[in-house]
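Coordinate analysis (summary)
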Amino acid sequence: MSHWVEQIRQYGALPQYFAERHEQEHKTNLKDGWNASNHNPNYLPQVITFQRHILWFEIRELNLQALAQRRENSAATCIVLPSGADLAAPLGSQLYAKPEFMGPQNRRDGKHTDAMIKDFRALLDNTQDATHRATIYNGTREFLKNKSRNNTYISDEQLLSMELCIYHGIKVQVEGLEGEGISQICRCTESESWHGGDRRNDWVWVKQRP
């Protein structure tokens with residue numbers, strides 16, 4: 001009302017305006033942001049950050065769509081880009097910060113309810129999907145092979161008996177739209193609920209360097 005009163009006095013009724021757009025913005029900008037916050041008294045910065053993140057992803061999606069369209073329109077022209085270049089990210093985001101792991105946490109062994117997952121064998125036993133099991137095993141094998149400086153051979157039995165820590169989240173530093181540093185927490189609860197609600201399995205985009 002603080003905006004419309006003076007205009008109505010000057011120009012009369014404003015039939016070209018309606019409140020539906022503002023009501024919709026109120027829902028997406030405020031209600032959804034409130035639901036995503038922790039409902040503490042200091043909720044307003046969380047609501048603003050929530051809306052900014054949605055805007056960033058919308059901009060990222062539009063950038064990727066424009067790039068895909070540009071490539072389709074100029075299929076005959078090949079442009080070689082630097083390896084690992086992120087076309088939709090600002091140049092300042094090429095700086096990398098070391099992530100901070102959150103945990104470790106105790107995770108119950110699904111086959112032995114009185115036990116915890118403490119070694120690599122128990123982790124594989126509790127991974128139901130055969131493809132996931134193979135990926136975890138082969139990926140760990142490859143990692144240890146490349147990580148070992150003295151090419152120490154590790155047998156299957158040694159690998160399966162290795163002590164294991166399971167982390168429930170990772171905190172990463174990302175660059176905001178205005179170049180400021182922002183901490184974001186990525187979590188993966190698999191099939192478990194998150195704070196009594198739906199499960200939470202965050203998407204993570206990984207920029208892989210050569």
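Presented here is a report on the structure given in the accompanying data block. (Residues numbered from 1 in each chain as written. Predicted model: local features only at pLDDT ≥ 70, side-chain atom pairs only at ≥ 80, totals over all residues. Heavy atoms only, no water.)

A closer look at the nonpolar core
- Ile 117, Phe 120, Ala 122, Leu 123, Leu 124, Ile 154, Leu 159, Leu 160 and Ile 166 together form the largest nonpolar core, which totals 9 residues.
- Of all the secondary structure elements, the ones that give two or more residues to this core are α4 (120-125) and α6 (156-160).
- A per-element tally of this core places α4 first, with 4 residues. (Core = buried A, V, L, I, M, F, W, Y, C linked by side-chain atoms within 4.5 Å. Buried < 20%, exposed > 50% of the residue type's maximum accessible area, 1.4 Å probe, protein only. Helix = DSSP H or I, 4+ residues; strand = E, 2+ residues; numbered from the N terminus.)

Quick word on the packing of aromatic side chains
- Under the defined criterion, the tally for this structure stands at 1 aromatic pair.
- Sitting over the ring of Trp 194, Arg 200 keeps its end group 5.1 Å from the ring centre. (Phe/Tyr/Trp six-rings, centres within 6.5 Å; stacked < 30°, edge-to-face > 60°. Lys NZ or Arg CZ within 6 Å of the ring centre and 35° of its normal.)

Some words on the sheet that holds strand β1 (residues 100-102)
- Here we have 4 strands laid out as an open sheet, ordered β1-β2-β3-β4, and antiparallel in their pairing. In this open sheet, the two edge strands, each paired with only one partner strand, are β1 and β4 (199-201). The sheet shows a mean angle of 40 degrees between the axes of neighbouring strands, direction not considered.
- Judged from the 7 bridges that link them, strand β2 (residues 169-175) and strand β3 (residues 181-193) form a sheet pairing that is antiparallel. (Pairing = 2+ DSSP bridges. Axes fitted to C-alpha atoms, helices over the stretch in contact; angles between N-to-C directions.)

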